[in-house]
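Structural features, examined
Letter by letter, the chains look like this.
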Amino acid sequence: MLGPVILAASRSDRMRRLISAAPVTKQVVDRFIPGETVDAVVPIIEDLTGRGLELTMDVVGEDITTPEQATAARDAYLRLIERLGNLELGTRAEMSIKLSMFGQALENGHELALANVRPVVEAAAAIGTTVTLDAEDHTTLDSMFAIHEELRKDFPQTGCVIQAYLYRTEEDARRLAASGSRVRIVKGAYKEPASVAYQQKAEIDKAYVRVMRTLMEGEGYPMIGSHDPRLISIAQELARRSGRKLDEYEFQMLYGIRSDEHLRLAAEGHRMRVYTAYGTDWYGYFMRRLAEKPANLRFFVRSMVSKG
Ligand SMILES: Cc1cc2nc3c(=O)[nH]c(=O)nc-3n(C[C@H](O)[C@H](O)[C@H](O)COP(=O)(O)OP(=O)(O)OC[C@H]3O[C@@H](n4cnc5c(N)ncnc54)[C@H](O)[C@@H]3O)c2cc1C
């Protein structure tokens, strides 16, 4: 029940100001967002890749309001790519991008986001890696899929994300699997109405399994984005039945969540990619992590009270 309330708060400017300014918030935030600058996260990139993990890097900051901020977001990714190029990690470190941060919600947003994301995809390709377009709320998805299709004409390795909680996703999965895309499947992290999305966990989990089966049996490269142990073992079984080798799909989890499991799967020979977010505008990302697990919120509130 708490999840939707926290997700609603994630859109409130008043809550943003309150939480961002709370004295203890930073300590709690650090668990999920390990740095504010590229310099701060380079040692983390080196540490995680040194331990056999792969990365997808996310510069946080989806709530922009001007084209200048969208350009700044593009430039932040270009600076990150320059640093990754020096580390020579190739596909072991890719990028995750929210098109809202590239201007998608502004006037002529579709064209603006495409114009901003293309140079990032080009720069990523130049250092031997790629980009995955994150899935945001359902109103943004037609534009995201159209941009994904457009980018794939020149950069077929560009990936995208689909969300099991949406009714539309099984059809999206069939289309993407047939076209040979790299596709991350996740449960979905936004507050969506019953007119477009399953509301019950059991229904979302069942839809997730149906979508995984489509992806595993298809032509593309499935990326299983989940911390759910049951779904992870079903993924392994579906991959085995579809005749996929260990390097023909991968697991993805978020930085700071079930970190032992990251290492366990990597040690078993799986490709394990850690979604690592960094930056100063962490509010929206952080609130989604609180909403996913009420215990996070309890911990957060307790630490505020004890400091207070
Ligand atoms: C790599 C990756 C990329 C993602 N990209 C997107 C995206 O583009 N769009 C989108 O809408 N969503 C995205 N998500 C978020 C996703 O939609 C879910 O909200 C999130 O993964 C939680 O679902 P779960 O599959 O882990 O299962 P759950 O049933 O939520 O969790 C399973 C178990 O994992 C642990 N866990 C899960 N979340 C947390 C948490 N926040 N804190 C502590 N423990 C936790 C708990 O032990 C929990 O019991 C992404 C998730 C991952 C892993």
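Right above here is the structure, for reference.
Let us look at the structure shown here. (Residues numbered from 1 in each chain as written. Predicted model: local features only at pLDDT ≥ 70, side-chain atom pairs only at ≥ 80, totals over all residues. Heavy atoms only, no water.)

1. Observations concerning the overall build of the chain
What the chain contains, in helices and strands, is 13 helices and eight strands. For the chain, the C-alpha radius of gyration of 18 Å lies close to 19 Å, the compact-globule estimate for 308 residues. In terms of its C-alpha atoms, the chain occupies a principal-axis envelope of roughly 55 × 40 × 40 Å. For the chain, the proportion of its 308 residues judged to be buried stands at 54%. In the chain, the proportion of contacts linking residues at least 24 apart, taken out of those at least 6 apart, comes to 72%. (Helix = DSSP H or I, 4+ residues; strand = E, 2+ residues; numbered from the N terminus. Rg over C-alpha atoms; globule rule 2.2 N^0.38 Å. Buried < 20%, exposed > 50% of the residue type's maximum accessible area, 1.4 Å probe, protein only. Contact = heavy atoms within 4.5 Å.)

2. Observations concerning the site of the ligand
Close to the ligand lie 26 residues, the nearest being K187, G188, S226, H227 and E292. K187 has a polar side-chain atom sitting 2.7 Å from an oxygen atom of the ligand. Within the contact set of the ligand, a nitrogen atom lies 2.8 Å away from a side-chain nitrogen or oxygen of N296. Taking 930 Å² as the accessible area of the ligand by itself, protein coverage stands at 87%. Secondary structure elements with two or more residues in the shell around the ligand: β4 (159–163), β5 (182–186), β7 (250–254) and α12 (283–292). In terms of residue count, the dominant contributor to the shell around the ligand is β7 (three residues). Looking at the shell around the ligand residue by residue, the class counts come to nine nonpolar, seven polar and 10 charged. (Near = heavy atom within 4 Å. Polar contact = N/O pair within 3.5 Å; in protein donor to acceptor, adjacent residues only side chain to side chain. Areas by Shrake-Rupley, 256 points an atom, 1.4 Å probe, with all protein chains shown as cover. Nonpolar A, V, L, I, M, F, W, Y, C, P; charged D, E, K, R; others polar.)

3. Here we look at the packing of aromatic side chains
For the structure on display, the rule yields six aromatic pairs. Relative to F286, the ring of F32 lies with its centre 6.4 Å away and its plane at 55 degrees, an arrangement referred to as tilted. On the criterion of sequence distance, the pair formed by F32 in the loop between α3 (25–29) and α4 (38–50) and F286 in helix α12 is long-range, its members being 254 residues apart. Exposure class is identical for F32 and F286. Each is buried. A centroid spacing of 5.6 Å and a plane angle of 50 degrees characterise the contact between Y77 and F102, whose relative ring orientation is tilted. Of the two residues, Y77 is situated in helix α5 (residues 67–87) and F102 in the loop between β2 (93–97) and α6 (109–126); the sequence distance between them amounts to 25 residues. Three or more aromatic residues joined by ring pairs make a cluster, and in this case those are F32, W282 and F286. It is R175 that lies over the ring of F145; its NZ or CZ is 5.0 Å from the centre. Positioned above the aromatic ring of Y285, the side-chain terminus of R289 is 4.5 Å from the ring centre. (Phe/Tyr/Trp six-rings, centres within 6.5 Å; stacked < 30°, edge-to-face > 60°. Lys NZ or Arg CZ within 6 Å of the ring centre and 35° of its normal.)

4. Considering the packing of helix α9 (residues 201–217) against helix α10 (residues 229–241)
With their axes 10 Å apart at the nearest point, α9 and α10 run at an angle of 25 degrees to one another. Between α9 and α10, the angle falls in the class roughly parallel. Both α9 and α10 take part in a crossing whose hand is right-handed. Mapping the contact onto sequence places D205, Y208, V209, M212, R213 and M216 in α9 and R230, L231, I234, A235, L238 and A239 in α10. For the contact of α9 with α10, the residue count by class is nine nonpolar, no polar and three charged. (Axes fitted to C-alpha atoms, helices over the stretch in contact; angles between N-to-C directions. Parallel < 35°, antiparallel > 145°, perpendicular 65-115°, else oblique. Left-handed = near helix turned anticlockwise from the far one by under 90°.)

5. Quick word on the pattern of salt bridges
Summed over the entire model, instances satisfying the criterion amount to 31 salt bridges. Among the salt bridges present, the one from K98 reaches D58, with a minimum N-O distance of 3.8 Å. Here the residue K98 occupies a position in the loop between β2 and α6, and D58 occupies one in strand β1 (residues 54–59), the gap between them amounting to 40 residues. Each member of the pair, K98 as well as D58, carries the same accessibility label: buried. A salt bridge links K187 to D205; its shortest N-O distance comes to 3.2 Å. In this pair, K187 sits in the loop between β5 and α9 while D205 sits in helix α9, placing the two residues 18 residues apart along the sequence. K187 sits in the partly exposed class, given a relative accessible area of 23%. Shared partners join several salt bridges into a network, and the residues in it are E54, E250, R271 and R273. (Salt bridge = Lys/Arg side-chain N within 4 Å of Asp/Glu carboxyl O.)

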